[in-house]
Amino acid sequence: MKILVPIKRVVDYNVKVRPTSDGTDVDITNAKMSINPFCEIAVEEAVRLKEQGVATEVIVVSIGDAKCHEQLRAAMALGADRAIHIDAATNLEPLAIAKCLKALVDKEAPEIVLLGKQSIDGDNNQTGQMLAALWNVGQGTFASEVKIADGAAHVTREIDGGLQTLKLKLPAVITTDLRLNEPRYAKLPHIMKAKKKPLDTLTLDELGIDGATRVKLVKTAPPAQRQAGIKVADVDALIEKLKNEAKVIA
Amino acid sequence: MKTLVIAEHDNQQLKPATLNTLAAAAKLNQPIDILVAGANCGAVVSQAQAASGVTEVLVADSDYLTHQLPEDIAPIIQANIGDYTHVLAPATTTGKNLLPRVAALLDVQAISDIQNVLDANTFERPIYAGNVIATVESSDSIKVMTVRTTSFDPVAATGGSASTRTLEAGSASGLAEFVSEELAQSDRPELTAANIVISGGRGLGNGENFELLYTLADKLNGAVGASRAAVDAGFVPNDMQVGQTGKIVAPDLYIAVGISGAIQHLAGMKESKIIVAINKDEDAPIFQVADYGLVADLFDVIPELTSKL
Ligand SMILES: Cc1cc2nc3c(=O)[nH]c(=O)nc-3n(C[C@H](O)[C@H](O)[C@H](O)COP(=O)(O)OP(=O)(O)OC[C@H]3O[C@@H](n4cnc5c(N)ncnc54)[C@H](O)[C@@H]3O)c2cc1C
Ligand SMILES: Nc1ncnc2c1ncn2[C@@H]1O[C@H](COP(=O)(O)O)[C@@H](O)[C@H]1O
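What comes next is a walk through the structure. (Residues numbered from 1 in each chain as written. Chains lettered and ligands numbered in written order. Predicted model: local features only at pLDDT ≥ 70, side-chain atom pairs only at ≥ 80, totals over all residues. Heavy atoms only, no water.)

1. Focus on the overall build of chain B
The number of helices and strands found in chain B is 8 helices and 16 strands. Against the compact-globule benchmark of 19 Å for 309 residues, chain B has a radius of gyration of 21 Å, which places it among compact chains. Projected onto its principal axes, the C-alpha coordinates of chain B cover approximately 60 × 40 × 40 Å. Per-residue burial for chain B yields a buried fraction of 59% across its 309 residues. Distance from the positive charge centre (18 side chains) to the negative charge centre (36 side chains) of chain B: 4 Å. (Helix = DSSP H or I, 4+ residues; strand = E, 2+ residues; numbered from the N terminus. Rg over C-alpha atoms; globule rule 2.2 N^0.38 Å. Buried < 20%, exposed > 50% of the residue type's maximum accessible area, 1.4 Å probe, protein only. Lys, Arg positive; Asp, Glu negative; His and termini not counted. Charge placed at Lys NZ, Arg CZ, Asp CG, Glu CD.)

2. Focus on helix α4 (residues 127-135) of chain A
Across the 9 residues that make up α4(A), a large majority, 8, are buried. Residues of α4(A) that are buried: A:Thr127, A:Gly128, A:Gln129, A:Met130, A:Leu131, A:Ala132, A:Ala133 and A:Trp135. Check the buried side of α4(A) and you find it contacts α3 (94-108), β8 (112-116), β9 (138-149) and β12 (172-176) of chain A together with α4 (93-106) of chain B. Immediately beyond the C-terminal end of α4(A), within one or two residues, lies A:Asn136, with a positive phi of roughly 55 degrees. (Contact = heavy atoms within 4.5 Å.)

3. Thoughts on the sheet that holds strand β7 (residues 122-127) of chain B
Backbone-to-backbone hydrogen bonds join strands into a sheet, with any given pair of strands oriented parallel or antiparallel. Across the sheet, which stays open at both edges, the 4 strands sit in the order β14(A)-β8(B)-β7(B)-β6(B) with antiparallel pairing between neighbours. Each edge of the open sheet is held by one strand with a lone partner, namely β14 (215-221) of chain A together with β6 (116-119) of chain B. Taken pair by pair, the neighbouring strands of this sheet meet at an average axis angle of 30 degrees, ignoring direction. Where β7(B) and strand β8 (residues 132-138) of chain B come together, 6 bridges link them in antiparallel fashion. When the bridges of β8(B) are listed, B:Thr122 appears paired with B:Glu137. (Pairing = 2+ DSSP bridges. Axes fitted to C-alpha atoms, helices over the stretch in contact; angles between N-to-C directions.)

4. Notes on the site of ligand 2
Residues and elements named next belong to chain A. The environment of ligand 2 is made up of 17 residues, and the closest members are Pro6, Ile63, Ser119, Asn125 and Thr127. At 2.8 Å from an oxygen atom of ligand 2 is found a main-chain nitrogen or oxygen belonging to Asn125. Considering ligand 2 on its own, with 480 Å² of exposed area, one finds that the protein chains cover 98% of that surface. Elements that contribute at least two residues to the shell around ligand 2 include exactly β6 (57-64) and β8. The biggest single contributor to the shell around ligand 2 is β6, with 3 residues. (Near = heavy atom within 4 Å. Polar contact = N/O pair within 3.5 Å; in protein donor to acceptor, adjacent residues only side chain to side chain. Areas by Shrake-Rupley, 256 points an atom, 1.4 Å probe, with all protein chains shown as cover.)

5. Some remarks on the site of ligand 1
Lining the immediate surroundings of ligand 1 are 30 residues, of which B:Arg202, B:Ser227, B:Thr245, B:Ser260 and B:Asn279 lie closest. Residues lining ligand 1 come from chains A and B. Here an oxygen atom of ligand 1 sits 2.7 Å away from a polar atom, N or O, in the side chain of B:Ser260. Considered on its own, ligand 1 offers 990 Å² of accessible surface; in the complex 86% of this is hidden by protein. Those elements that place two or more of their residues in the shell around ligand 1 are α1 (37-51) of chain A together with α6 (228-232), α7 (263-266) and α8 (298-308) of chain B.

6. What to know about the nonpolar core
Counting 56 residues, the largest nonpolar core has A:Ile86, B:Ile6 and B:Ile77 as the members making the most contacts within it. Considering each element in turn, this core owes the most residues, 9 residues, to α3(A). If we ignore the near neighbours within four places in the chain, the residues touching B:Ile77 are B:Leu4, B:Ile6, B:Leu35, B:Val87, B:Leu98 and B:Val102. One finds A:Ile35, A:Ala77, A:Val146 and B:Leu69 within the second-largest nonpolar core, a separate group that totals 43 residues. (Core = buried A, V, L, I, M, F, W, Y, C linked by side-chain atoms within 4.5 Å.)

Here is the structure:
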């Protein structure tokens, strides 16, 4: 079974991103870039499925400029077998990304596409669901457990009220939540080996995808800032403030 | 030009998040219909009819919709899109699961988590864990959007008298099958709707110690939340996680206990009216957003606070 894992190059989760001073974009000059944490979890899960003998090949794909080779190599150091770079603008929207992935699915015929549930830059949480619609397959989003058995994917999902388990016919789309696994660190020999693994590049034209923007970013602004408040000396002082100043308890 | 809101419900009860979503829809100033898709969900249909500002309730009531799988519901919305220009659902795990699938079927770019409606095409939404608020303008003919419920006060649950229209039933997609569900049972108010939320972090040390917070919460009629670290460590179940990738809350009072205040946690609670932080590290970043900070050992002050209230 082939597993396709789309990974996104994003600003590292430790960086606090701010709007540019002219309020038209976000300032990410010189920011540390990483694999989106949810995508890293997807890579780990796919590699584990390969180690268990369930998967035969793990292909990672990233859509963006050539800088994403860095993340593709990192994913191969974690155990992916080969990589595909789809050369495009870095701000392609989830619908266009999903269309690229659908075109790739038609070429590669994977049985599972394992994505992150959300990219931590745009916080969209859309691409997996969109791909599942375009491909007309089932979707197991926000997965905290994945089992492949009897030719189906059994996916436990993190939902607002607790957990839900679904059985998906294959092929299927699965998106990862944080608790699915804890990704490994790449070892040096694997990093060296990853440099020699195949990395192919495709263009949007080759895939027949129109990358036009449907939702334009017109303005960026910082969120309403909270004033840091005061420190209180003890519990009595806290209760007094909550009752008489903030009036949030009776 | 009409707006369609997707009702969130469990076949018995219309979830309050739907009322916040109706409030966002009202800002579009055009007639609002609501879709109730489920099985034996007559009670929900009545509640949707009574909700303020609804013109018509579209009803898809059929056994195969018991678990409301997006593989089954997205095609119903697509088939009935008619002259709806906006399709809205709450940004809950249910809405986030469904709406992108709908958008892709309609070939439009969805917009996640809107927190303000500027005009029919222009919306505000948080990006980068809420560190940036983006104003975005859609050129698609249909806007498919999830709504950040904490940003819109709910419309009244009663007073409306919408008509109903039964939709033609489809059949199960066969792509996905419901197996089981483990829903957390609690007598406390729901996290996203509570006026008071008390959240615990890694500082609690283990699951048993969360009892301290439950006791305090019961005294205040509050809900209990948690940081991701507390959930990951297995202290409490996942449905209690507050933050960028958990639930968004905005109560009148949020008490963060043994939580350091990582940006991903702040993303889920910094719209709260009053924030209290209890942490033994006086440099913990949580104090930068707290109205009242108490530098102390939680194991001393939580029992004291509980007994003095
Ligand atoms: C992609 C991604 C998404 C994430 N999403 C979320 C999310 O949605 N929500 C979330 O919360 N996190 C999220 N995180 C994790 C986040 O980065 C932090 O790791 C997490 O919030 C830390 O939890 P914590 O504050 O409980 O633990 P810690 O950072 O370990 O803090 C524990 C605090 O407890 C205090 N303490 C310890 N003992 C006591 C005591 N006896 N009395 C008083 N204080 C005490 C310590 O001083 C410390 O400040 C995410 C991370 C990533 C990478
Ligand atoms: N540019 C991209 N290249 C590869 N995968 C992507 C890209 N953008 C999004 N994805 C995938 O889609 C998931 C969800 O992203 P999003 O819908 O943007 O929140 C990510 O975790 C990735 O797995």
